[in-house]
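# Understanding the architecture of this molecule
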Amino acid sequence: MEGVQPVNGSGPACPLRVKLLTLMFVCDRDHEQVLLGMKKRGFGKGKWNGFGGKVEPGESVAQAAVRELQEESGALVEMADVQTAGLLDFTFDESNEIMRVFVFRADNYTGEIAETDEMRPQWWSLSECPFDNMWPDDRYWFPYMWGRRPFVGSFHFKADEKTIVTHTIEATTVEHIDTRAREEADRKRAATANS
Ligand SMILES: Nc1[nH]c(=O)nc2c1ncn2[C@H]1C[C@H](O)[C@@H](COP(=O)(O)OP(=O)(O)OP(=O)(O)O)O1
């Protein structure tokens, strides 16, 4: 089990299970382009998104973001080039899970970008980002991510995974997000050690 906790002291009576996830955006700032991948399987199949997945016990959230990016796209980002972008909580009607997603950005990478079993990568001009075919929350926080303004937000969806019922989004600091990332990784390590 990854960790169980109430959300912000309010919300459902039943504690929610936290799924710790990453999302990484490789940005070409000179050409105002961002690398997205078409998700070919699993959660979010058929949507364009950044690259990411589950944090493994014992790795930092940023290490997980780098690993997932490489596994899904072939792009390798040095830890020094990983920039903290945001923190998002996603919940759904009829679900007792929080998807807690740490968002990162990188302006440099090495390696060959290539299609994998999970993702078909493609560069997109910022002005042509395919928001109609992305998660509906992305429109809200993409400007923060691209604008290097650290953000924290939460989105509650209907069970259809399309309709946003409520949301919050606000500016925060990199330090706040990085502290949360360390706490979440520690919690995950402890929960795994105790299971
Ligand atoms: N509402 C949302 N908006 C968004 O932009 N990204 C989201 C999102 N909800 C989830 N994600 C991202 C986070 C993460 O990068 C990805 C889901 O993780 P995974 O690809 O690991 O899921 P899977 O269930 O396919 O897991 P694996 O079997 O480990 O690949 O989707």
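Report on the accompanying structure. Keep in mind that this is a model prediction, so the values were computed, not measured.

Inspection of the entire model under this criterion finds 15 aromatic pairs. With 6.2 Å between their ring centres and 40° between their planes, Y109 and W123 make a pair best called tilted. Taken together, the residues Y109 in the loop between β6 (97–106) and β7 (119–125) and W123 in strand β7 connect sequence positions 14 residues apart. Y109 gets classed as partly exposed once you look at its relative accessible area, which sits at 33%. Relative to F142, the ring of F131 lies with its centre 5.4 Å away and its plane at 85°, an arrangement referred to as edge-to-face. In this pair, F131 is assigned in the loop between β7 and α2 (138–146) and F142 in helix α2, connecting sequence segments 11 residues apart. What links up through ring pairs into an aromatic cluster is the set F43, F90, F92, W135, Y140, F155 and F157. Stacked on the ring of W146, the Lys or Arg R29 has its end atom at 4.5 Å from the ring centre. For K47, the ring lying beneath its charged end belongs to W135, and the centroid distance is 4.2 Å.

On to the nonpolar core, then. With 27 residues, the main nonpolar core has F25, V34, L36, V103, W141, F142 and M145 as its most contacted residues. For this core, the secondary-structure elements that each account for two or more residues are β2 (16–28), β3 (33–39), β5 (83–92), β6, α2 and β8 (151–157). Of all the elements, α2 adds the most residues to this core, at 5 residues. If near-sequence neighbours (up to four positions away) are discounted, V34 is found in contact with F25, V26, C27, Q122, W123, W124, C129, F142 and W146. Within the second largest apolar cluster, 24 residues are counted, among which are V26, F51, A65 and V152.

So, on to helix α3 (residues 174–194). Look at α3: 30 Å from first C-alpha to last across 21 residues, which is about the 30 Å you get at 1.5 Å a residue. Looking at α3, one finds that the buried residues are I177, A181, E184, A185 and K188. Looking straight down α3, one finds that the buried residues subtend no more than 95° of arc, so they occupy a single side. For α3, exposure combined with an orientation more than 90 degrees from the buried face picks out E175, R182, A193 and N194.

All right, on to the pattern of salt bridges then. Summed over the entire model, instances satisfying the criterion amount to 15 salt bridges. R41 serves as the salt-bridge partner of E118, at 3.2 Å between the closest nitrogen and oxygen. With E118 in the loop between β6 and β7 and R41 in the loop between β3 and β4 (48–49), this residue pair connects regions lying 77 residues apart in the sequence. Judged by its relative accessible area of 19%, E118 falls in the buried class.

On the surface, a cluster of negative charge is made up of D93, E94, D160 and E161. Positionally, D93 belongs in the loop between β5 and β6.

Parameters at a glance
- Residues numbered from 1 in each chain as written.
- Predicted model: local features only at pLDDT ≥ 70, side-chain atom pairs only at ≥ 80, totals over all residues.
- Heavy atoms only, no water.
- Phe/Tyr/Trp six-rings, centres within 6.5 Å; stacked < 30°, edge-to-face > 60°.
- Helix = DSSP H or I, 4+ residues; strand = E, 2+ residues; numbered from the N terminus.
- Buried < 20%, exposed > 50% of the residue type's maximum accessible area, 1.4 Å probe, protein only.
- Lys NZ or Arg CZ within 6 Å of the ring centre and 35° of its normal.
- Core = buried A, V, L, I, M, F, W, Y, C linked by side-chain atoms within 4.5 Å.
- Contact = heavy atoms within 4.5 Å.
- Expected span 1.5 Å × (residues − 1).
- Arc of directions from axis to C-beta.
- Salt bridge = Lys/Arg side-chain N within 4 Å of Asp/Glu carboxyl O.
- Patch = residues over 30% accessible without salt bridge, like charges linked within 9 Å, V, L, I, M, F, W, Y side chains within 5 Å.
- Areas by Shrake-Rupley, 256 points an atom, 1.4 Å probe, with all protein chains shown as cover.
- Lys, Arg positive; Asp, Glu negative; His and termini not counted.
- Charge placed at Lys NZ, Arg CZ, Asp CG, Glu CD.

So far we have only geometry, and geometry alone does not tell us how the molecule works.
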